[in-house]
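Structural description and commentary
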Amino acid sequence: MRGGDLLPRAEYVSASVLGFMIIASAILPSIGYSNVLLSAVTSTVSASTTTLTSQIGLNQTQEPCTVMHPDPATLREWIRQYNSNPLAITDPRLSARASAILQFSLLSYLQYTPSERSQGNAGNCWVWAGTGVLEIALGVQGGPRDRLSIQYFDSNYNGGTTTIWGKWAGCGGSLTDFAAFYNTKKMAIPWSNTNAYYQDSLQSCESGKTSVSASSISTSPNYPITACAANTIRTQGVGQSTAIANIKNTLLQNKAVCFSFGLANSADWKNFNDFWKYQGERDRWSPDFSNGHTYNSNEGAWHSVLCVGWDDHDPNLSYWIMVNSWGTTSRRTFGIFLLDMNINYDCGYYFPSWPFFYYSLQWETLDVSFARHNVHLESREDNGASSNKGM
């Protein structure tokens, strides 16, 4: 489906609105991010991995900054998938409009509570980012703005456990793996279903499995999916201006973007972790410092986040709006960060055992279609699962 043809136009968010929300969080900490944002926007304009957890400088009240630590074979497979997936469609009509649009955001379609958008010890950032793309697609295509279950994915992916055939979701994965799962399951599950709220925050890759059995999660109601595939947004080897234009074009089709980035060693990750923990939601981060570093297999890692829009008001301070899955900090009450738009989109690293330079930034989206568009209800008895939480 081409979003520019059939989907409703997204709402536009100004920098002043975003600033209002950030200030409001300090005054109204009990209000969920989506509620503040939705109110502000509508009133304005309407296969082998391990987990690396960096806890340098963390106190007991802060969330762990868990990332994915793929082994060389897994990383090569992720790169292969990214390079072989279909390219995201570029709509030339939207390209002509993009330069005139200074602020744009799909965040009003994302229903979430910042403190609960926290992966904890599990290396399943890829599931949180992919689910965010899915949630926004659901709202854009006429469905309710609803939280979808991370736990449903964790408990069902590879049987929810690590075996010789594959590892559980808390050990990492790709948007290609995410799309293949939903293209097979053909339905997404609301967070509010019985036992579908997130419960794997204390599970790590080394735990070897999810904490919740798939059979204990109610699949009624659900949102039927007709097709789901990962698309690569062309940003590598095309130059900065084309890379930016292609990402904007995807967002203007009302499709959120999964942004995955790799850093080569613990020092590079400390740079990002310190930015996340100690700077505020109006500060920008750039990965350019890491370009050309040598990848350390024991320390190098990847992380996936959700890109929902941009602000181009000041060309010298342009940024992408990113939603993380590391909960909140004292300076990040909405769980977001800003990525500098004027970066090197060909940023990468060298791998000692490979003879080539590898790109470290990946931009992707989902080509997903929900059935139009009733919630599917099944007639079934309650299986005795625990009551809903996290609501």
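Anyway, here's the lowdown on the structure attached to this text. Each chain has its residues counted from 1, following the order in which its sequence is written. Side-chain atom pairs in this predicted model are given and counted only at pLDDT of 80 or more, local residue features only at pLDDT of at least 70, and totals for whole chains, interfaces and linings cover all residues. The side-chain figures draw on all heavy atoms in the structure; neither hydrogens nor water molecules are used.

Here we take up the state of the cysteines. Criterion for a disulfide: a pair of cysteine sulfur atoms at a distance within 2.5 Å. Applying the stated rule across the entire model yields one disulfide. What pairs with Cys171 in a disulfide is Cys205, and their sulfur atoms sit 2.1 Å apart. Every disulfide takes its handedness from the sign of the S-S torsion; for Cys171 and Cys205 that torsion is 95°, giving right-handed. One end of the pair, Cys171, is in the loop between helix 7 (150-156) and helix 8 (175-185); the other, Cys205, is in the loop between strand 4 (187-188) and strand 5 (223-232), and 34 residues separate them in sequence. For the pair Cys171 and Cys205, one class covers both residues: buried. You can see Cys258 has no disulfide; the closest cysteine sulfur is in Cys125, sitting 8.2 Å from it. Note on conventions: DSSP H or I runs of at least 4 residues are helices, E runs of at least 2 residues are strands, and numbering of each starts at the N terminus. Under the scheme applied here, a residue whose accessible area is under 20% of the maximum for its type counts as buried, over 50% as exposed, and between as partly exposed, the area being computed with a 1.4 Å probe on protein chains only.

This next bit is on the pairing of strand 9 (residues 301-311). Of all the eleven residues making up strand 9, eleven are buried; the element is thus mostly covered by neighbouring parts of the structure. In this structure, strand 3 (residues 103-105) lies alongside strand 9, joined through three bridges in antiparallel fashion. The residue of strand 9 that forms the bridge with Phe104 is Trp310. Between any two strands, pairing holds if DSSP finds at least two bridges. By the bridge criterion, seven bridges tie strand 6 (residues 257-263) to strand 9 in an arrangement that is antiparallel. Paired with Gly262 across the bridge in strand 9 is Trp302. The pairing of strand 9 with strand 10 (residues 319-323) spans five bridges and is classified as antiparallel. Residue pairing for strand 10: Trp310 is matched across the bridge by Trp320.

Checked against the element boundaries, Gln141 lands in the loop between helix 6 (125-140) and helix 7. For this analysis, a polar contact is any N or O atom pair within 3.5 Å, provided that within protein one partner can donate a hydrogen and the other can accept it, and provided that sequence-adjacent residues contribute only side-chain to side-chain pairs. For Gln141, the side chain forms a polar contact with the main-chain nitrogen of Phe370, separated by 2.9 Å.

Here the focus is the pattern of salt bridges. Salt bridges are defined as contacts in which a side-chain nitrogen from Lys or Arg sits within 4 Å of a carboxyl oxygen from Asp or Glu. Taken as a whole and judged by the stated rule, the model has six salt bridges. Two residues, Glu77 and Arg80, come together in a salt bridge whose shortest N-O distance is 2.7 Å. In this pair, Glu77 and Arg80 both sit in helix 4 (residues 72-84), three residues apart, roughly one turn of the helix. Since its relative accessible area comes to 26%, Glu77 is described here as partly exposed. Between Arg93 and Asp91 there is a salt bridge, and its shortest N-O distance comes to 3.0 Å.

What follows is about the packing of aromatic side chains. Two rings belonging to Phe, Tyr or Trp (six-membered ring only in the last case) form a pair when the distance between their centres is within 6.5 Å. Interplanar angles under 30 degrees mark stacking, angles over 60 mark edge-to-face geometry, and anything in between is tilted. Evaluation of the coordinates by the stated rule reveals 34 aromatic pairs. Judged by centre distance (4.3 Å) and plane angle (40°), the rings of Phe259 and Trp363 are tilted. On the criterion of sequence distance, the pair formed by Phe259 in strand 6 and Trp363 in strand 14 (residues 361-370) is long-range, its members being 104 residues apart. When its relative accessible area of 0% is taken as the criterion, Trp363 is described as buried. A centroid spacing of 4.7 Å and a plane angle of 40° characterise the contact between Tyr295 and Tyr349, whose relative ring orientation is tilted. Separated by 54 residues along the polypeptide, Tyr295 in the loop between strand 8 (293-294) and strand 9 and Tyr349 in strand 12 (residues 348-350) bring together distant segments of the chain. As far as burial versus exposure is concerned, Tyr295 and Tyr349 are alike and both buried. In this scheme, Lys NZ or Arg CZ marks a charge over a ring once it lies within 6 Å of the ring centre and within 35 degrees of the ring normal. Lying across the ring of Tyr112, Arg117 places its NZ or CZ 5.8 Å from the centre. For Arg332, the ring lying beneath its charged end belongs to Phe275, and the centroid distance is 4.6 Å.

Just distances and angles here, no functional claims.
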